[in-house]
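# Commentary on secondary and tertiary structure
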Amino acid sequence: MRLQKVEPLTVEFLESINFSWHTDYDDDTPYLVDALIEVSELEAEAYAEAANELYDMYVEAGDYVVDNDLFHELNIPFNLVEMIKASWENDVHWHLYSRFDFAGGLDGKPIKLLEFNADTPTVLLDTAIAQWAILKKNGMDEENQFNNIYEALKENFQRLVTLEESVENFAEYYDGWKILFSSVRGAQEDEDTTKFLESIAQEAGFNTAFAYMDEIEFSEEEGIFYNDENYEFFFKLVPWEDIAIDEGALTTVLTEIVNNKKAIILNPAYTLMFQSKAFMKILWDLYPNHPLLLESSFEPLSGAHVQKPSFGREGENVIISDENGVIIDEKEGHYENFKPIYQEYTELNRDDNDGVYHAGVFFAYEGCGLGFRKAVRPIIDDDAKFVGHVIKG
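Residues numbered from 1 in each chain as written. Predicted model: local features only at pLDDT ≥ 70, side-chain atom pairs only at ≥ 80, totals over all residues. Heavy atoms only, no water.

Moving on, we get to the sheet that holds strand β18 (residues 340-344). Taken in spatial order, the 5 strands line up as β14-β18-β15-β16-β17 in an open sheet, and their pairing is antiparallel. The open sheet terminates on both sides in strands that have one partner only, identified here as β14 (296-297) and β17 (327-330). (Pairing = 2+ DSSP bridges. Helix = DSSP H or I, 4+ residues; strand = E, 2+ residues; numbered from the N terminus.)

When the charged atoms of two side chains lie near each other, side chains of opposite charge can form a pair. Under the definition given, this model contains 28 salt bridges. Note that Glu38 and Lys392 form a salt bridge whose closest N and O atoms lie 3.6 Å from each other. Remark: Lys392 occurs in the segment after β22 (385-391) and Glu38 occurs in strand β4 (residues 32-39); sequence separation between them is 354 residues. Exposure remark for Lys392: the relative accessible area of 37% places this residue in the partly exposed category. The shortest N-O distance in the salt bridge between Lys154 and Glu203 comes to 3.6 Å. Of this pair, Lys154 sits in helix α5 (residues 149-162) while Glu203 sits in helix α7 (residues 188-204), and the two are 49 residues apart along the sequence. Among the charged side chains, a network of salt bridges with common partners joins Arg2, Glu38, Glu43, Asp107 and Lys392. (Salt bridge = Lys/Arg side-chain N within 4 Å of Asp/Glu carboxyl O. Buried < 20%, exposed > 50% of the residue type's maximum accessible area, 1.4 Å probe, protein only.)

A surface patch of like charges, here negative, comprises Glu41, Glu45, Glu49, Glu53, Asp56, Glu60, Asp63, Asp67 and Glu89. Element by element, the count of residues in the negative patch is highest for helix α2 (residues 41-68), at 8 residues. Note on placement: Glu53 falls in helix α2. The exposure class assigned to Glu53 is partly exposed, which follows from its relative accessible area of 38%. (Patch = residues over 30% accessible without salt bridge, like charges linked within 9 Å, V, L, I, M, F, W, Y side chains within 5 Å. Areas by Shrake-Rupley, 256 points an atom, 1.4 Å probe, with all protein chains shown as cover. Lys, Arg positive; Asp, Glu negative; His and termini not counted. Charge placed at Lys NZ, Arg CZ, Asp CG, Glu CD.)

To continue, consider the side chain of Glu43. Here Glu43 lies in helix α2. Taking the relative accessible area as the measure of exposure, Glu43 reaches 12% and is therefore buried. At 2.9 Å, the side chain of Glu43 and the backbone nitrogen of Ser40 are in polar contact. Here Asp107 takes part through its backbone nitrogen, which lies 3.1 Å from a polar atom of the side chain of Glu43. Beyond its immediate stretch of four places on either side in the chain, Glu43 contacts Arg2, Glu38, Gly105, Leu106 and Asp107. (Polar contact = N/O pair within 3.5 Å; in protein donor to acceptor, adjacent residues only side chain to side chain. Contact = heavy atoms within 4.5 Å.)

On their own, these measurements won't tell you what the molecule is for.
This is the structure:
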């Protein structure tokens, strides 16, 4: 790997753009690494092409899951199945954005899918704004970065109205529809990310508002309201599985809202299929030995492998075992009740100091931006740092 040292962004600047998680409070170190990973044009193109190809595969596999009623295999909560089917079968439920996590892609290492964060992907501000600002601060050309996230999201918001690739007729089709953006009270990073998305939607031409989840009124017959205003679109940065498990009554109401066509929810319920790590077992069955995939199974694999919960975040409840069954790394967490998936182990990108990296590629209608997470252990968890990139050559 090739790393280029850079002058870091100041805390004052980061806070001015509502980037509140700039410091790791456990050890008071910066969250953003003061270096950029040098990526070739061919490597950047390969990441984009991998995301585009995999998304098409996910859609085809999604049809297979729905047609064969495989929601139990994916560990989908039963009370979300009806809404998943309804959103899958109606094109108005547009997938706004997501993030693929990849091993490899640098120095000749093959790109391999680790997981797909399809419902509530994080590190959006980091990838879209912070790494771009690092280039600007260091006098580099912002074109030398695979990072078109802002424009891609703006156009994808407009596709909520046009429902097609072209957004040229957005103004003609738009009829004053409003988007309500929401996150959970007290989750500052989620709130900042949600308000960033809201600002993009405003630039796209929508009327918007922000409210915490506990401030919103939900009506099966009338739809979604905030301050007595009805909203046709509702974006929530709350995982679907959390809603299903912790808010059963709300799940029932949202299902009826979707069935009665009173609102469109972003990201759609069907993204929970993609979010499930068990979906990678379906992919492996449909596309065995595909070069972008790692072997995945509901049973432990004979070689080195990674055990992951179907739903989980920040590396929690992940166990990495070598070919002899000896545990290399593991992390406790809160997701042990979810069904495990076993995935073939693959080496991550490494620097000269044994730092490990995985790539995150955002997807909004197409692959649109690249960033990296860095860790000092095989499991990339909530202690990982963010590393930007620059295209060289």
